[in-house]
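Reading the structure
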Amino acid sequence: MGAADLTKIETLTAQLRALGIRPGDALMAHVAMRELVPVERGAAGVLAALREAVGARGTLLFAVPCESSGSVFQADDGIRVASKLANAPGFDPKRGRPRGVLGDFPHAVLADRDATIAAHPAMRYAAFGRLGRKLLAKMPADDPMGIGSPVDLLGASDGRILVAGVDPWLVTAAHLAEYHARPRGRMRVTRHYKTIEDGAPKFHTIHMIDDWNSEFRHERAFAAAHGQRFARKGPLGQGQATLYEAAPLVRFLAQRLAGPELFRTVLRVGGPPPEAC
């Protein structure tokens, strides 16, 4: 592709508006640059377009998990885990590099001076705008993608979720849906993390639903969501993106993940919406 194929920031903004994003929206965006390039200013240009699309009164939320390989363990043998943690390198939950599977976009989010960071070892979030600090203010110690998490509060704020080139298992709404559905085989686990904060090691024990090895289940659930009234697909850069209404998406995914024989209750997705600063 040549210079003529470069997507300008103003074009990206227009495409986001055409999808249905409006000034004042609360939006969680999951973006993989490989589907959008080439774009003016690269990942920083995509972030600029997202900020312009939601406007000064809008809110942006991102999941930017740390690369924690070698510093997180899941086992019942406490002595063995302690030994592994002692020899683990550790990672910085606030400034550590994002997981490589997400490409360049998380780096642009973390590099922006306006970003508010929730440095949870199991799931780091970044937010911008009117509700950003409120979404991150009461980050739960356990279940960082579950009830009461930022993505849960987003749904309570009539939020939306943008997915552009990201695999379904990386979309936090799918993990939130697991907390509502609790499908067979999805058991709670205990994970142990070693972080390096202010130059010193810290150790964390976090309880959560097992979110590893869930790719196939999430892929099928998201495939069924295409064409639903709460989903709208359109072009973004050189690729495609889908805009979802957050709360209806989580309810739908929970039903698909649980199956009709397990899913009998009416979901109330999200706690009370956070107040603006």
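From a predicted model like this one, the values you see are computed outputs, not experimental measurements.

**A word on the overall build of the protein**
A tally of helices and strands in the protein yields nine helices and ten strands. Residues classed as buried in the protein amount to 54% of the 277 residues present. Sequence separation of at least 24 residues holds for 71% of the intrachain contacts in the protein that already meet a minimum separation of 6. Accessible area of the protein: about 13,100 Å², with a carbon and sulfur share of 48%.

**Here we look at the packing of aromatic side chains**
The geometry of an aromatic ring pair is captured by the separation of the ring centres together with the interplanar angle, meaning the angle of the planes. A complete count under the given rule lists five aromatic pairs for this structure. In this structure an aromatic cluster arises from ring pairing among F62, F105 and F128.

**Quick look at the sheet that holds strand β8 (residues 200–209)**
Across the sheet, three strands lie side by side as β3-β7-β8; this open sheet has antiparallel pairing. Only two strands of the sheet have a single partner each, and these edge strands are β3 (72–73) and β8. The pairing of strand β7 (residues 188–197) with β8 spans ten bridges and is antiparallel. Residue R191 lies in a different strand from β8, and its bridge partner there is I206.

**Topic: the nonpolar core**
One recurring pattern in soluble globular proteins is that nonpolar side chains are buried together. Among the nonpolar cores identified, the biggest contains 52 residues, and Y125, I161, Y244 and L249 are the most heavily contacted of them. If one sorts the elements of this core by residue count, helix α9 (residues 246–258) sits on top with eight residues. Here Y244 is in contact with R160, I161, V163, F222, A225, H226, F230, A231 and L249, once residues within four sequence places are set aside. Counting 32 residues, the second largest nonpolar core, distinct from the first, contains L12, A29, V54 and A126.

**Section: the pattern of salt bridges**
One pass over the full model with this rule turns up eight salt bridges. In this structure, K202 and E197 form a salt bridge, with 3.9 Å as the shortest nitrogen-oxygen distance. A relative accessible area of 40% places K202 in the partly exposed class. Sharing partners across several salt bridges, the network here consists of D25, R160 and E245.

**Some thoughts on the confidence of the model for the protein**
With 87% of its residues at a pLDDT of 70 or more, the protein shows a mean pLDDT of 88. Overall, residues 261–268 carries pLDDT values under 50, and its contacts beyond four positions in sequence, including any with other chains, amount to ten contacts.

**Let's talk about the packing of helix α1 (residues 9–19) against helix α2 (residues 42–54)**
The contact between α1 and α2 brings their axes to 8 Å, and the two run at 45 degrees. Considering their axes alone, α1 and α2 lie oblique with respect to each other. In terms of crossing hand, the pair formed by α1 and α2 is right-handed. On α2, the residues touching I9, L12, T13, L16 and R17 of α1 are G45, V46, A48, A49, L50, E52 and A53. The residue makeup of the contact of α1 with α2, split by class, is eight nonpolar, two polar and two charged.

Reading the values: rules and limits
- Residues numbered from 1 in each chain as written.
- Predicted model: local features only at pLDDT ≥ 70, side-chain atom pairs only at ≥ 80, totals over all residues.
- Heavy atoms only, no water.
- Helix = DSSP H or I, 4+ residues; strand = E, 2+ residues; numbered from the N terminus.
- Buried < 20%, exposed > 50% of the residue type's maximum accessible area, 1.4 Å probe, protein only.
- Contact = heavy atoms within 4.5 Å.
- Areas by Shrake-Rupley, 256 points an atom, 1.4 Å probe, with all protein chains shown as cover.
- Phe/Tyr/Trp six-rings, centres within 6.5 Å; stacked < 30°, edge-to-face > 60°.
- Pairing = 2+ DSSP bridges.
- Core = buried A, V, L, I, M, F, W, Y, C linked by side-chain atoms within 4.5 Å.
- Salt bridge = Lys/Arg side-chain N within 4 Å of Asp/Glu carboxyl O.
- pLDDT = per-residue confidence, 0-100.
- Axes fitted to C-alpha atoms, helices over the stretch in contact; angles between N-to-C directions.
- Parallel < 35°, antiparallel > 145°, perpendicular 65-115°, else oblique.
- Left-handed = near helix turned anticlockwise from the far one by under 90°.
- Nonpolar A, V, L, I, M, F, W, Y, C, P; charged D, E, K, R; others polar.

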